[in-house]
Amino acid sequence: MITASVGNVGVLVTDNSSHTPEQWAEMATDQIIFIGGNSHPVIVDQARTFREQIYKTLVHYFTQVQEAERNQISRRL
């Protein structure tokens, strides 16, 4: 008998396109940071601010990766 626990699973589906850097950043941020519902309000505010900073940083770097990949593909064509 095999027992598995999956936990929280989320799926983000796009229609005839790839995920945007913002979508990737949102998914990554959700995996990196969890804000507990029973936390002190001050800690929750700090965690939300930190989460937003992580999100913005990831969007920046995912956008850079996307641009670098496109440049690499166009050079090869």
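Look above for the structure.
In this text, all values refer to a predicted model and were calculated from it rather than measured experimentally.

Contact geometry of helix α1 (residues 21–32) with helix α2 (residues 41–76) gives a least axis separation of 8 Å together with a crossing angle of 135 degrees. In terms of axis orientation, α1 runs oblique to α2. Seen from above, α1 lies across α2 with right-handed handedness. Listed contacts from α2 to Pro-21, Glu-22, Trp-24, Ala-25, Glu-26, Ala-28, Thr-29, Asp-30 and Ile-32 of α1 are Arg-51, Ile-54, Tyr-55, Leu-58, Val-59, Phe-62, Thr-63 and Gln-66.

Quick look at the pattern of salt bridges now. Counted under the stated rule, the structure contains 2 salt bridges. Put simply, Arg-51 and Glu-26 hold a salt bridge, and the shortest N to O gap is 2.9 Å. Residue Arg-51 is located in helix α2, and its partner Glu-26 is located in helix α1; the two are separated by 25 residues in the primary sequence. A relative accessible area of 18% means that Arg-51 is categorised as buried. Note on Glu-26: relative accessible area 32%, which makes it partly exposed.

Calculation notes
Residues numbered from 1 in each chain as written. Predicted model: local features only at pLDDT ≥ 70, side-chain atom pairs only at ≥ 80, totals over all residues. Heavy atoms only, no water. Axes fitted to C-alpha atoms, helices over the stretch in contact; angles between N-to-C directions. Helix = DSSP H or I, 4+ residues; strand = E, 2+ residues; numbered from the N terminus. Parallel < 35°, antiparallel > 145°, perpendicular 65-115°, else oblique. Left-handed = near helix turned anticlockwise from the far one by under 90°. Contact = heavy atoms within 4.5 Å. Salt bridge = Lys/Arg side-chain N within 4 Å of Asp/Glu carboxyl O. Buried < 20%, exposed > 50% of the residue type's maximum accessible area, 1.4 Å probe, protein only.

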